[in-house]
Amino acid sequence: MGFLSGEITVENKSPYKWTVCDNSQELLLINRYRTSHLVSSGKAVFGYFVPLTWGITFYIYVKYGHCSQKECYTKPDLWYKLNPKDDPHFIIRESGDQIHLDCNINYEEKKSTCPNYGKLEDEEQRRQAQHEHERRIEEQIKKEIKISQANERLKQKLILKSQEFHQQTHMIQQPLDIYTVERYEVAETEKEFIELMFSYEITEIEDSEEPLPDRMKCLQNEIMVDYCKKHNLSSSCMFSFDDAVGYDTLPLSDRLSVLEAVLQVVLEDNEDDCTHKLDRNFLFSVLEQLTDTHPSLAGKLLQNILYTDVQLSMQSKEILCQILFNNMWTPEEITDFMHNITDMDTEQVSSVLHTAQTYKLEYGTVFNALGTSNPLNMLQNHVDNERHCVHHSIVVSMMS
């Protein structure tokens with residue numbers, strides 16, 4: 001009596017967990033199943049040794065995640081009908097929004113692709129986290145509005161009190177946060193603050209008893225709230241900006257620099273310009289203003305913008321930060337780059353940035369490549385041509 005022997009290998013090259021189940025359906029006997037759970041880079045091997053006279057049909061089933069044996073073979077995401085004597089080798093791999101079950105043998109009866117459930121789960125988790133973040137910000141805004149309204153009513157009452165209670169009203173109007181700054185810094189910053197308001201024709205309430213830090217923050221909040229309403233931006237933009245620059249930890253002079261940058265963006269805004277339809281675009285506009293006057297704050301703001309961007313991979317974020325701090329591209333060029341990659345695959349974006357950083361490519365070269373069907377190939381051709389020109393120049397100089 002002859003025997004049929006062989007083995008089935010299943011290798012997981014995706015970043016997600018999978019359940020693998022084999023099935024040998026004997027002609028007269030009940031089905032036999034074996035199951036294995038594969039993590040990323042895991043491998044399962046199923047060996048066979050059965051008489052040739054038995055009528056057996058062999059299947060391999062694959063299902064996303066960690067599931068039971070029954071669920072795997074009754075509701076598989078991927079499957080093949082196979083012959084173990086071929087020693088088939090299967091590979092689970094990720095390709096964008098799809099998962100492929102590739103085999104070195106061309107079997108006809110199969111279901112070799114399915115949606116990338118792991119990626120879909122990751123995106124849903126990010127959306128939920130973003131939704132929760134925005135919900136908390138909205139709650140914080142509502143609380144701050146209530147506090148601001150209460151403070152305004154209290155301030156109006158205090159203004160109406162007589163002079164003999166001046167000291168008491170002054171104490172009531174002190175903010176909860178006490179800023180530990182030197183007197184000379186307050187005086188100098190207040191002088192610059194008044195000059196800034198005069199240049200933009202901004203008028204404060206007369207005889208304001210609020211300390212300078214509160215006056216500056218109040219003005220910044222008011223103009224940003226109006227700007228967000230005007231451009232239909234999320235109200236969370238204001239708090240995202242404060243978090244990005246670490247506003248609460250800044251010294252008084254730096255807070256004035258931030259206010260001046262915001263004023264330049266908001267009050268010099270073009271009515272017909274639709275640039276700031278996204279919160280991120282407003283932050284980039286402020287970033288451009290800070291780049292020349294306060295590069296350390298600009299760098300901190302850009303880093304926070306990049307690291308909260310859900311479209312970019314972690315590798316792309318790190319490369320963009322390095323490109324900025326090495327002065328390869330300007331903030332305006334980085335802003336333009338992010339506008340031009342909205343429809344690109346994350347892996348392709350990472351490859352383009354890696355090539356640009358490796359060969360120190362100017363942004364104009366990268367921008368031209370982004371307009372083609374295959375940006376990476378165009379960049380590589382540009383690099384090859386540059387190398388050829390350099391080589392030719394060296395040969396010519398040696399021969400002369």
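This section reports on the structure supplied with the text.

1. Quick word on the nonpolar core
Among the nonpolar cores identified, the biggest contains 65 residues, and Phe241, Phe282, Leu301, Trp329, Phe337 and Val366 are the most heavily contacted of them. Element by element, the count of residues in this core is highest for helix H7 (residues 252-267), at 9 residues. Apart from residues lying up to four places away in sequence, Val366 is in contact with Trp329, Phe337, Val352, Ala356, Leu361 and Leu379. Membership of the second largest hydrophobic core comes to 23 residues, among which are Trp18, Ala44, Leu78 and Leu82.

2. Some details on helix H11 (residues 331-339)
Looking at H11, one finds that the buried residues are Pro331, Ile334, Thr335, Phe337 and Met338. Taken down its axis, H11 places every buried residue within 160° of arc, on the same side.

3. Remarks on empty space enclosed by the protein
Remark: the empty space left among the atoms is shown by a probe the size of a water molecule rolled over them. Summed over all chains, the structure comprises 1 cavity of 30 Å³ or more. Quantified by volume, the largest cavity comes out at close to 30 Å³. Along the walls of the largest cavity sit Gln311, Leu312, Ser313, Ser316, Ile341, Thr346 and Val349, which together make up its complete lining.

4. Here we look at the packing of aromatic side chains
Under the definition given, this model contains 10 aromatic pairs. When the ring of Tyr64 is compared with that of Tyr117, the centres are 6.1 Å apart and the planes differ by 40°; the resulting orientation is tilted. Taken together, the residues Tyr64 in strand E5 (residues 56-64) and Tyr117 in helix H2 (residues 117-159) connect sequence positions 53 residues apart. By relative accessible area, which is 29% here, Tyr117 ends up partly exposed. Ring plane angle 50° and centroid distance 5.6 Å describe the contact between Trp329 and Phe337, whose orientation is recorded as tilted.

5. Notes on the pattern of salt bridges
Under the definition given, this model contains 11 salt bridges. Across the pair Asp97 and Lys119 runs a salt bridge whose closest N-O atoms are separated by 3.1 Å. Taken together, the positions of Asp97 in the loop between strand E7 (89-95) and strand E8 (98-103) and Lys119 in helix H2 put the pair 22 residues apart, joining distant regions of the chain. When its relative accessible area of 52% is taken as the criterion, Asp97 is described as exposed.

6. Concerning the packing of helix H4 (residues 183-199) against H7
Put simply, H4 and H7 touch, their axes get as near as 10 Å, and they point 10° apart. The orientation of H4 relative to H7 falls into the category roughly parallel. Seen from H4, the contacting residues are Glu185, Val186, Thr189, Glu192, Phe193 and Leu196; seen from H7, they are Leu252, Ser253, Leu256, Leu259, Glu260 and Leu263.

7. Some points on helix H13 (residues 363-370)
Within the span of H13, buried status applies to Tyr363, Thr365, Val366, Ala369 and Leu370. Each buried residue of H13 sits inside an arc of 160° when the element is viewed along its axis, so together they form one side.

Calculation rules
Residues numbered from 1 in each chain as written. Predicted model: local features only at pLDDT ≥ 70, side-chain atom pairs only at ≥ 80, totals over all residues. Heavy atoms only, no water. Core = buried A, V, L, I, M, F, W, Y, C linked by side-chain atoms within 4.5 Å. Buried < 20%, exposed > 50% of the residue type's maximum accessible area, 1.4 Å probe, protein only. Helix = DSSP H or I, 4+ residues; strand = E, 2+ residues; numbered from the N terminus. Contact = heavy atoms within 4.5 Å. Arc of directions from axis to C-beta. 1 Å grid on protein atoms, 1.4 Å probe; cavity = no way out; pocket = protein on both sides within 12 Å on 5 of 7 lines; lining within 4 Å. Points joined across faces, edges and corners; volume = space filled by probe spheres on them. Phe/Tyr/Trp six-rings, centres within 6.5 Å; stacked < 30°, edge-to-face > 60°. Salt bridge = Lys/Arg side-chain N within 4 Å of Asp/Glu carboxyl O. Axes fitted to C-alpha atoms, helices over the stretch in contact; angles between N-to-C directions. Parallel < 35°, antiparallel > 145°, perpendicular 65-115°, else oblique.

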